Amino acid sequence: MPMNMNTLTPPRWMALIALSGIGMLAFGLYLQHVVGLNPCPMCIVQRYALIGVVVLAAVGWRLRGWGLAVSGFLLALVAGFGAFTAARQSWLQWYPPEVVSCGRDFYGMVENFPINRAIPMIFKGSGDCTKIDWTFLGGSIANWSFVCFVAFGLLGLWVAFKSRQPAA
């Protein structure tokens, strides 16, 4: 039986968003820990936004009615924040500033600061926000992150709109 758009109900879309977000987070960790790409502070912010999208999508997957609508709307807001951050990083990559100030490297933080100050700094990232280390089909990680956040945001709005309507 072929799948059509009617079989993808708003809760199923939320499940797909959650699974897609988990896949994106896993790929980001692969790029960091296997390939050796250091995330920049903007990358870390995008990860937090993606975690928010995943959590809201997973919660929304189990809800119905107004709860699902609110979850979809909040998901769209968090995705919008992620898209804004990714767009800003893309802009910095296309038009790099004269002086790049994106954070310190990990070893410099541990050597120069006590551990109670170094630990929070670690989560700020250490890569250069303007550097393009990886591309796919001509787009950087920030470019693809922007596309995904926009798609998640639009789907979140669609879920919010669709789930508050009475079933036909």
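Since we're looking at a predicted model, the values are computed, not measured. (Residues numbered from 1 in each chain as written. Predicted model: local features only at pLDDT ≥ 70, side-chain atom pairs only at ≥ 80, totals over all residues. Heavy atoms only, no water.)

It is worth spelling out the packing of helix 1 (residues 10-35) against helix 6 (residues 141-163) at this point. Relative orientation of the contacting elements helix 1 and helix 6 amounts to 165°, with a least axis distance of 10 Å. One finds that helix 1 runs roughly antiparallel with respect to helix 6. Helix-helix and strand crossings are classified by hand; for helix 1 and helix 6 the assignment is left-handed. Listed contacts from helix 6 to Pro10, Trp13, Met14, Ile17, Ser20, Gly21, Met24 and Leu31 of helix 1 are Ile141, Cys148, Phe152, Leu155, Trp158, Val159, Lys162 and Ser163. Of the residues in the contact of helix 1 with helix 6, the class split is twelve nonpolar, three polar and one charged. (Axes fitted to C-alpha atoms, helices over the stretch in contact; angles between N-to-C directions. Helix = DSSP H or I, 4+ residues; strand = E, 2+ residues; numbered from the N terminus. Parallel < 35°, antiparallel > 145°, perpendicular 65-115°, else oblique. Left-handed = near helix turned anticlockwise from the far one by under 90°. Contact = heavy atoms within 4.5 Å. Nonpolar A, V, L, I, M, F, W, Y, C, P; charged D, E, K, R; others polar.)

A rise of 1.5 Å per residue sets the reference length of helix 2 (residues 41-61), with its 21 residues, at 30 Å; its end C-alpha atoms lie 30 Å apart and thus fit the reference within 8%. Residues of helix 2 that are buried include every one of Met42, Ile44, Gln46, Ala49, Leu50, Gly52, Val53, Val54, Leu56, Ala57 and Gly60, and no others. (Expected span 1.5 Å × (residues − 1). Buried < 20%, exposed > 50% of the residue type's maximum accessible area, 1.4 Å probe, protein only.)

The next point concerns the confidence of the model for the protein. Model confidence for the protein is summarised by a mean pLDDT of 76, while 71% of its residues fall at 70 or above. Note that residues 103-107 has pLDDT below 50 and, in this model, nine contacts with residues that lie over four places away or in other chains. (pLDDT = per-residue confidence, 0-100.)

For any pair of aromatic rings, the description rests on two quantities: the centre-to-centre distance and the angle between the ring planes. A complete count under the given rule lists one aromatic pair for this structure. Ring centres 6.1 Å apart and planes at 25° place the aromatic pair Phe27 and Tyr30 in the stacked group. Of the two residues, Phe27 and Tyr30 both sit in helix 1, three residues apart, roughly one turn of that helix. You can call Phe27 partly exposed: its relative accessible area is 35%. Here Tyr30 falls in the partly exposed class, since its relative accessible area comes to 40%. (Phe/Tyr/Trp six-rings, centres within 6.5 Å; stacked < 30°, edge-to-face > 60°.)

Turning to helix 6, a few remarks are in order. Taking 1.5 Å as the rise per residue, helix 6 with 23 residues should run 33 Å; its terminal C-alpha atoms sit 32 Å apart, in good agreement. For helix 6, the full list of buried residues reads Ala142, Asn143, Ser145, Phe149, Phe152, Gly153, Gly156, Val159, Ala160 and Ser163.

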